Amino acid sequence: MADTKENIHKDHRKRLRARYEKHGLESFEEHNILELLLFHSIPRADTNGLAHELINTFGSLYEVLCAPYEELLKVKGVGPASASLIRTVFDTAREANLRKLAAMPIDSYPRLAMYATEWFGGKPAGVVAVLLLDEGNRIVHTGTLSASHTIRTASYVQAIADLAGKFAARRVVLMHNHASGIMKPSDEDLYLTEQLHTALREKDIALMEHLIVHKFDCIPILDTAVKQSV
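Chemist: Please explain the packing of aromatic side chains as it appears in this structure.
Modeler: Each pair of aromatic rings is reported with the distance of its centres and the angle of its planes. Considering all chains together, one arrives at three aromatic pairs under this definition. Both rings, one in Trp119 and one in Phe120, keep their centres 4.9 Å apart while their planes meet at 80°; by these two values the pair is edge-to-face. Clustering of aromatic rings is evident, with ring pairs tying together Tyr62, Phe90 and Phe216. A cation over an aromatic ring shows up here: Arg19 above the ring of Phe28, its NZ or CZ 4.2 Å from the ring centre. Seen from the ring of Trp119, Lys123 lies directly overhead, with NZ or CZ sitting 4.4 Å from the centre.

As structure tokens, then:
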């Protein structure tokens, strides 16, 4: 009986792999893609049920792939090997996309938005980050300033100025993500933006933009902050 069950699983794996090799992933449902991926960390057991459970738990293939390692381990049937595999696949794809985008000048808002949303993929809520560019609008550094969206203008100005000096950057994009998904700047966001714009300009550093990011969307708030201060 066990051998028969194993053969069924084995043949199913062969069929799924053959389907992938012939048609790619376009015809796959989300759970099928996960099922195929989990073959690499679960060599013998049926992965269909676990794939469904992961989708049900996190809501979509994307949310599964960018789920925190610790959260993945909470799903019954997901061990360290599977959790590590899922995160590695997501992080590898994200890093490849970021490096591809960073190889080109960030010379338009759509390209900036694409880079920002990609960079924040899989990040926890409340992260404040800085993107530094040279005179040709090429990225020289991207890094986290705060993991808790703490509004401290003076410390941000000094930290950004220090980083700009270190990387010989002349332009800055401030970015942070909202946990709520509400794409609207708070009064604190606007105040911080205006203060940074003024303080960095005095140091001959241009604040190009301040972006609020949520998943695949972002909004620029620099113009609003500057106009509000006039």
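Chemist: Can you help me understand the environment of Glu70 in this one?
Modeler: Note that Glu70 resides in helix α5 (residues 69–73). Here Glu70 falls in the exposed class, since its relative accessible area comes to 52%.

Chemist: Help me out: how do you make sense of the side chain of His176 in this one?
Modeler: Relative to the helices and strands, His176 is located in strand β3 (residues 171–177). A polar contact is formed between the side chain of His176 and the side chain of His178, at a distance of 3.0 Å.

Chemist: So what exactly am I meant to see when it comes to the pattern of salt bridges here?
Modeler: Side chains carrying opposite charge are able to pair once their charged atoms draw close together. Across all of its chains, the model carries seven salt bridges by this definition. Residue Glu95 pairs with Arg99 through a salt bridge whose shortest N-O separation is 2.9 Å. A residue pair is termed a helical-turn pair when its members lie 3 or 4 positions apart in one helix, as Glu95 and Arg99 do in helix α6 (residues 80–102) at four residues. Close ionic contact of Glu135 with Arg171 constitutes a salt bridge, the shortest N to O distance being 3.3 Å. Here the residue Glu135 occupies a position in the loop between β1 (128–133) and β2 (139–146), and Arg171 occupies one in strand β3, the gap between them amounting to 36 residues. Judged by its relative accessible area of 23%, Arg171 is partly exposed.

Reading the values: rules and limits
Residues numbered from 1 in each chain as written. Predicted model: local features only at pLDDT ≥ 70, side-chain atom pairs only at ≥ 80, totals over all residues. Heavy atoms only, no water. Phe/Tyr/Trp six-rings, centres within 6.5 Å; stacked < 30°, edge-to-face > 60°. Lys NZ or Arg CZ within 6 Å of the ring centre and 35° of its normal. Helix = DSSP H or I, 4+ residues; strand = E, 2+ residues; numbered from the N terminus. Buried < 20%, exposed > 50% of the residue type's maximum accessible area, 1.4 Å probe, protein only. Polar contact = N/O pair within 3.5 Å; in protein donor to acceptor, adjacent residues only side chain to side chain. Salt bridge = Lys/Arg side-chain N within 4 Å of Asp/Glu carboxyl O.

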